[in-house]
Amino acid sequence: FHYQFNLKDVGNIFQGMLNTNPNVFKDGAAKFARVWLHECYRVFSDRLVSAADQGELQGILEKVAGKHFGSIPKEDLFSLPLIMTSFVSQAQGNE
């Protein structure tokens, strides 16, 4: 299967990150890195049609996260559930 992604998709990741509330991330970079991960899944993974493709994306994200977020433990970054929404934050659901 062939997927087409473009620069607009990358822009959607950054747009999602920039729409966050900075007060939520005062305790460190791990939460903000999880926002990046959430946005990558939202933009890219939601379009993938097979489990093999989703596994490939998971491998790519693990490799990139290890390279750029090496100080954040993989278990913390990829822990489930990976839910980052404004209504969860307002209800103190992600604390």
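Residues numbered from 1 in each chain as written. Predicted model: local features only at pLDDT ≥ 70, side-chain atom pairs only at ≥ 80, totals over all residues. Heavy atoms only, no water.

Asks: When you look at the overall build of the chain in this model, what are you seeing that I'm missing?
Replies: Counting its secondary structure elements, the chain contains 5 helices and 0 strands. Beginning at the N terminus, the succession of helices and strands in the chain can be written as α-α-α-α-α. A buried classification covers 29% of the 95 residues belonging to the chain. Residue pairs at least 24 apart in sequence account for 64% of intrachain contacts in the chain once pairs closer than 6 positions are excluded. In the structure as shown, the chain presents an accessible area of about 6700 Å², 57% of it carried by carbon and sulfur atoms. (Helix = DSSP H or I, 4+ residues; strand = E, 2+ residues; numbered from the N terminus. Buried < 20%, exposed > 50% of the residue type's maximum accessible area, 1.4 Å probe, protein only. Contact = heavy atoms within 4.5 Å. Areas by Shrake-Rupley, 256 points an atom, 1.4 Å probe, with all protein chains shown as cover.)

Asks: Please explain helix α3 (residues 51-68) as it appears in this structure.
Replies: Two residues of an α-helix separated by three or four positions point the same way, owing to the 3.6 residues in each turn. End to end, α3 covers 26 Å across 18 residues, agreeing with the expected 26 Å (1.5 Å per residue, within 8%). Listing the buried residues of α3 in full gives Leu-57, Leu-61 and Ala-65. Along the long axis of α3, the arc covered by the buried residues comes to 70°, so they all point the same way. Turned more than 90 degrees from where α3 packs its buried face, Ala-52, Glu-56, Lys-63, Gly-66 and Lys-67 sit exposed. For α3, the secondary structure elements touched by its buried residues are α2 (29-43) and α4 (74-77). (Expected span 1.5 Å × (residues − 1). Arc of directions from axis to C-beta.)

Asks: Can you help me understand a nonpolar patch on the surface in this one?
Replies: There is a patch of nonpolar side chains on the surface, built from Leu-7, Val-10, Phe-14 and Leu-18 and spanning about 460 Å² of accessible area. Position of Leu-18 among the secondary structure elements: in helix α1 (residues 7-18). (Patch = residues over 30% accessible without salt bridge, like charges linked within 9 Å, V, L, I, M, F, W, Y side chains within 5 Å. Salt bridge = Lys/Arg side-chain N within 4 Å of Asp/Glu carboxyl O.)

Asks: Just to check I follow, could you spell out the packing of α1 against α2 for this structure?
Replies: It is the contact of α1 with α2, at a shortest axis distance of 9 Å, that shows an interaxial angle of 140°. The angle between α1 and α2 places the two elements in the oblique class. The handedness of the crossing between α1 and α2 comes out as right-handed. In this structure, α1 contributes Asp-9, Asn-12, Ile-13, Gly-16 and Met-17 to the contact, and α2 contributes Phe-32, Val-35, Trp-36, Glu-39, Cys-40, Arg-42 and Val-43. When its residues are assigned to classes, the contact of α1 with α2 shows 7 nonpolar, 2 polar and 3 charged. (Axes fitted to C-alpha atoms, helices over the stretch in contact; angles between N-to-C directions. Parallel < 35°, antiparallel > 145°, perpendicular 65-115°, else oblique. Left-handed = near helix turned anticlockwise from the far one by under 90°. Nonpolar A, V, L, I, M, F, W, Y, C, P; charged D, E, K, R; others polar.)

Geometric values such as these leave the question of function open.
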